[in-house]
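Now for the letters of each chain:
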Amino acid sequence: MDPSEPRWERVELSDGRVRLRAPRDSDLDDIVAACQDPEAVRWTSVPQPYGPAEAEGFLRIVEDGWTSGRAAIFFISTAEHDGRYCGAIDLRLDGEGGGEVGFAVAPWARGSGVCTAALRLVCRWGFDTLGLGRIEWLAHVGNDASRRVADKVGFVYEGVQRAKCHQRGVRYDAWVAGLLPGELR
Ligand SMILES: CC(C)(COP(=O)(O)OP(=O)(O)OC[C@H]1O[C@@H](n2cnc3c(N)ncnc32)[C@H](O)[C@@H]1OP(=O)(O)O)[C@@H](O)C(=O)NCCC(=O)NCCS
């Protein structure tokens, strides 16, 4: 299969505990709460301040991503949280057989392997279904929790890209790691 022409189809993914699903209207308040969390503000480019209008904008970005075929954005939920919104994970495609992952887990779901499981699901889908040849992870230098997640899934650390991340008008150095087919753990 030509990796530049992925078999793009809207899907849900699950490992039995962690589910990557489509948004629901009832997610709105949880998105707002999760995006006001200080760790999310510190390490991601979520708009600030963040309210219902921003969450509605995010829902439109999710739909645009799937419609355009440029980004698969999933909402994370778990059985133990009764399907409640527990964060988001995305796989953005470069159109040349590569992808880049991004993720944030809501504070109420952190620290129990949710992101690691979600990242595994997305990378497995990216390799097996979309036929990607490389998936990239980037984080602001110092985001140890994110780096640990990438590490557990098999990403190989490749170095620092200077001023790579753009966050609310400021550029930050980024840690970069890559995952190739066969390296996923
Ligand atoms: C990064 C994030 C998504 C991790 O979500 P999570 O569901 O808690 O992740 P997991 O439970 O799967 O794994 C987290 C790992 O990081 C470790 N960790 C957590 N905080 C850490 C810290 N400050 N320093 C080092 N390791 C840390 C955990 O111990 C765990 O590793 P372990 O399994 O070896 O114990 C979550 O912390 C988050 O949303 N942070 C804010 C947004 C963000 O940084 N997004 C990533 C942008 S690149």
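Structure: see above.
A few points on the structure. Here the structure is a predicted model, which means the values were calculated and not measured.

Let us look at the packing of helix H1 (residues 28–35) against helix H3 (residues 52–68). Put simply, H1 and H3 touch, their axes get as near as 9 Å, and they point 105° apart. Considering their axes alone, H1 and H3 lie roughly perpendicular with respect to each other. The segment H1 lies against H3, with Leu28, Ile31, Val32 and Cys35 engaging Pro52, Glu54, Ala55 and Phe58. The residue inventory of the contact of H1 with H3, partitioned by class, reads seven nonpolar, no polar and one charged.

This part takes up the sheet that holds strand E2 (residues 18–21). Strands sit in the order E1-E2-E3-E4-E5-E6-E8-E7 across an open sheet of eight strands; the sheet is mixed. The outermost strands of the open sheet, each flanked by one partner alone, are strand E1 (13–14) and strand E7 (156–167). For strand E6 (residues 134–140) and strand E8 (residues 170–179), the ladder comprises six bridges, and the chain directions are antiparallel. Along E8, the bridge assignment pairs tryptophan 137 with alanine 177. Helix H4 (residues 114–128) rests against E1, E2, strand E3 (71–78), strand E4 (87–93), strand E5 (98–105), E6 and E8 of the sheet, and its axis sits at about 160° to E5.

Residues in contact with the ligand amount to 21 residues; listed here are only the nearest, Trp43, Arg110, Cys115, Thr116 and Asp144. Elements that contribute at least two residues to the shell around the ligand include exactly helix H2 (38–43), E5, H4 and helix H5 (144–153). When the residues that make up the shell around the ligand are grouped by side-chain class, the tally is 10 nonpolar, seven polar and four charged.

On to the nonpolar core, then. In globular proteins that are soluble, nonpolar side chains generally tend to be buried together. In terms of nonpolar packing, the biggest core is built from 47 residues, with Ile76, Ile89, Ala118, Leu119 and Val122 touching the most fellow members. Considering each element in turn, this core owes the most residues, nine residues, to H4.

With that settled, consider the environment of glutamate 100. Following the sequence through the fold, glutamate 100 ends up in strand E5. Sequence spacing of glutamate 100 and phenylalanine 58 is 42 residues, and the spatial spacing of their C-alpha atoms is 18 Å.

Quick reminder: α-helices carry 3.6 residues per turn. Residues three or four places apart thus point the same way. For H3, which comprises 17 residues, the first-to-last C-alpha distance of 24 Å matches the rise-based estimate of 24 Å (1.5 Å per residue) to within 8%. At the C-terminal side of H3, glycine 69 shows a positive phi close to 80°.

Contact geometry for H4 and H5: axes closest at 9 Å, N-to-C directions at 50°. For the element pair H4 / H5, the angle class is oblique. Crossing geometry of H4 relative to H5 is assigned as right-handed. Seen from H4, the contacting residues are Cys115, Thr116, Leu119, Arg120 and Cys123; seen from H5, they are Val149, Lys152 and Val153.

For E7 and E8, the ladder comprises eight bridges, and the chain directions are antiparallel. Within the sheet, the bridge partner assigned to glutamine 167 lies in E8 and is valine 170. Between E7 and E8, which pair antiparallel in sequence order, lie two residues; one of them, arginine 168, sits at a positive phi of approximately 45°.

Reading the values: rules and limits
Residues numbered from 1 in each chain as written. Predicted model: local features only at pLDDT ≥ 70, side-chain atom pairs only at ≥ 80, totals over all residues. Axes fitted to C-alpha atoms, helices over the stretch in contact; angles between N-to-C directions. Helix = DSSP H or I, 4+ residues; strand = E, 2+ residues; numbered from the N terminus. Parallel < 35°, antiparallel > 145°, perpendicular 65-115°, else oblique. Contact = placed C-beta atoms within 7 Å. Nonpolar A, V, L, I, M, F, W, Y, C, P; charged D, E, K, R; others polar. Pairing = 2+ DSSP bridges. Near = placed C-beta within 6 Å. Core = buried A, V, L, I, M, F, W, Y, C linked by C-beta atoms within 7 Å. Buried ≥ 20, exposed ≤ 12 C-beta atoms within 10 Å, placed from the backbone. Expected span 1.5 Å × (residues − 1). Left-handed = near helix turned anticlockwise from the far one by under 90°.

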